[in-house]
Amino acid sequence: MHERIKGSFRYFVITAVCLFLILGCLVLYAGVQEANLKKAEAVRETKIYAERIEALLNSLFHKTDILESIIITSNGEVPEETFRDLARSMIDTPGIRAVQYLPGGVVRYCYPLEGNEEVIGDNIFQNPSRKRDARLAVDTKEIALSGPYDLDQGGFGLVARNPIFLTNKEGEESFWGFSVIILDLPDAIGDIHLEELRQSGYEYSLHCMVDDQPVVVTQSTDFTGQWTIDNSIRVPNHIWTLTLQSKTGWFPWREMTVKAVIILLLSLLCGELVYMNKKKQDQIHRMAVTDELTGTYNRRWLKQYLEKSCMKRTQPFMLLYMDLDGFKKINDVLGHGYGDQLLVEVARRLEKFLGPSDILSRIGGDEFVMILKLDADNKARQEVDKKIHKVISEPYNLSGDATEESVGISVGIAFFPEDGTDHEHLMKIADERMYMDKQKSAASNY
């Protein structure tokens with residue numbers, strides 16, 4: 001009985017675990033796919049915003065083209081008033097902090113002048129932190145950036161230098177100087193509205209490397225830099241990086257946890273259903289193959305078992321045919337209830353002789369059959385009938401008081417394959433020997 005319960009519970013465990021693993025793998029796969037979709041969407045967002053930032057910065061940098069045209073048209077001599085009027089119109093653009101006029105690399109004009117007086121007369125080719133970018137602009141004849149860094153005028157900004165070359169009558173070019181704009185950061189990229197990324201579920205950081213040191217242009221307050229998606233932004237002589245980080249993480253852990261709990265409950269429920277079904281099947285099978293009173297196997301199952309064992313002929317065994325002596329008296333005098341108690345107790349005592357692969361069956365009334373497997377060493381089976389006689393003949397307390405009842409038992413033994421190789425022959429031999437034992441017992445008692 002205990003083994004059957006363990007078997008049914010094993011079905012419950014296997015079903016629940018297998019279903020949990022299968023559904024869990026499917027949900028995990030779905031979670032990974034969702035994470036990949038979130039990452040793909042983040043990549044798309046970084047590309048969109050990176051292109052916007054790149055386009056905005058380039059448009060700001062090329063504001064200097066107007067000043068460049070005037071300088072070239074004026075052959076390098078622009079009156080301060082003309083410069084101031086032009087710079088005033090340029091600086092109306094959000095993010096432009098100042099515009100400078102640098103013939104030969106020396107700051108002659110700056111608008112607005114207020115707060116920038118100290119830069120007038122500076123030669124950028126003599127400034128250790130600026131001359132490399134200035135020289136790069138001259139060599140490449142393209143706009144070069146310096147920064148972002150802390151500006152001498154205070155604040156955090158980015159300097160874009162547009163190198164200007166004049167052409168003489170002979171068509172020869174010569175370096176004239178720079179037109180420069182200074183951008184306030186992050187105000188210069190305010191029109192990009194990076195803060196909208198937070199409404200889409202992202203934390204962000206816009207950063208770059210300056211002199212081999214990381215510099216953050218702008219970033220959201222809760223950005224941690226873990227599990228990020230990056231996209232590069234190409235600006236003159238620099239590469240900026242826009243980095244996105246999911247607020248809740250790329251993998252939907254919270255949703256997966258809820259789903260895992262649901263799957264666990266569903267798996268346990270299905271396991272319980274399988275367990276109950278298997279338990280019911282075991283109960284039906286048990287009713288079909290066992291004796292209802294004693295719980296031992298019944299006659300029909302014993303016959304099937306013996307037929308299979310005889311056909312296989314894999315291991316010899318001994319068949320003990322047993323019949324109680326004096327049972328009818330107890331049954332008639334004390335009643336069937338006490339008789340049933342006696343049969344149950346007899347079955348329990350006989351079960352103590354069973355090994356792991358041995359069988360006990362009640363085949364009817366007060367008759368029992370025991371199958372004991374034999375091996376090379378049969379000492380443990382020697383005189384087993386005498387031991388059975390002794391155990392069964394011990395008194396039984398059936399009424400719960402001091403009254404004790406006793407019965408005897410007659411045992412007939414047949415050996416497979418020595419005494420027979422089929423069910424009927426073995427049962428016949430054992431029955432005859434049991435009858436002989438009963439006669440012998442009756443004679444001795446007489």
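Provided above is the structure to which this section pertains.
Residues numbered from 1 in each chain as written. Predicted model: local features only at pLDDT ≥ 70, side-chain atom pairs only at ≥ 80, totals over all residues. Heavy atoms only, no water.

Draft legend 1. How the structure looks around the packing of aromatic side chains. Under the definition given, this model contains 13 aromatic pairs. The interplanar angle of 55 degrees and the centroid separation of 5.9 Å between the aromatic rings of F83 and Y101 together place this pair among those described as tilted. Separated by 18 residues along the polypeptide, F83 in helix α3 (residues 80–90) and Y101 in strand β1 (residues 96–103) bring together distant segments of the chain. By relative accessible area, which is 2% here, F83 ends up buried. Given the relative accessible area of 0%, Y101 is considered buried. Here the aromatic rings of F251 and W253 are separated by 4.5 Å at their centres, their planes lie at 55 degrees, and the arrangement is tilted. W253 gets classed as exposed once you look at its relative accessible area, which sits at 59%. The cationic tip of K141 hangs over the ring face of F165; the distance from NZ or CZ to the ring centre is 5.1 Å. In this structure, R349 is placed above the aromatic ring of Y396, and the distance from its NZ or CZ to the ring centre is 3.7 Å. (Phe/Tyr/Trp six-rings, centres within 6.5 Å; stacked < 30°, edge-to-face > 60°. Helix = DSSP H or I, 4+ residues; strand = E, 2+ residues; numbered from the N terminus. Buried < 20%, exposed > 50% of the residue type's maximum accessible area, 1.4 Å probe, protein only. Lys NZ or Arg CZ within 6 Å of the ring centre and 35° of its normal.)

Draft legend 2. Main features of unusual backbone geometry. Across the junction of L185 and P186, the peptide omega takes the value 5 degrees, indicating a cis bond. Take P186: it is sitting in the loop between β5 (173–184) and α5 (196–199). The omega angle of the peptide bond from F416 to P417 is 10 degrees, so this bond is cis rather than trans. Summarising the element assignment, P417 is placed in the loop between β13 (408–416) and α11 (423–445). Of note, the phi angle at H193 is positive, near 60 degrees, even though the residue is not glycine. Assignment of secondary structure puts H193 in the loop between β5 and α5.

Draft legend 3. Region of the structure containing the pairing of β1. Judged by how many residues are buried, β1 sits mostly within the fold: seven of eight residues are covered. In this sheet, β5 lies alongside β1 in antiparallel orientation, the contact comprising seven bridges. What sits directly across from Q100, in β5, is V180. Note: β1 against strand β2 (residues 109–111), three bridges, orientation antiparallel. (Pairing = 2+ DSSP bridges.)

Draft legend 4. Focus on the sheet that holds strand β7 (residues 213–219). Ordered by their spatial adjacency, four strands build an open sheet running β7-β6-β9-β8, and the pairing between neighbours is antiparallel. The open sheet is flanked by β7 and β8 (228–235), the only strands paired with a single partner. Taken over all neighbouring pairs, the strand axes of this sheet differ in orientation by 30 degrees on average, direction set aside. Of the strand pairs in this sheet, strand β6 (residues 202–210) and β7 are connected by six bridges, and their pairing is antiparallel. Paired with M209 across the bridge in β7 is P214. (Axes fitted to C-alpha atoms, helices over the stretch in contact; angles between N-to-C directions.)

Draft legend 5. Just the sheet that holds strand β10 (residues 317–325), in detail. Reading across from one edge, β11-β12-β10-β13 is the order of the four strands in this open sheet, with antiparallel pairing throughout. Edge positions in the sheet fall to β11 (359–364) and β13, since each has one partner strand and no second. Taken over all neighbouring pairs, the strand axes of this sheet differ in orientation by 20 degrees on average, direction set aside. As defined by bridge partners, β10 adjoins β13 across nine bridges and the pair is classed as antiparallel. Bridge pairing in β13 places D323 opposite S410. Lying on the sheet, helix α7 (residues 299–312) is in contact with β10, β11, β12 (367–373) and β13; it crosses β11 at an angle near 130 degrees. (Contact = heavy atoms within 4.5 Å.)

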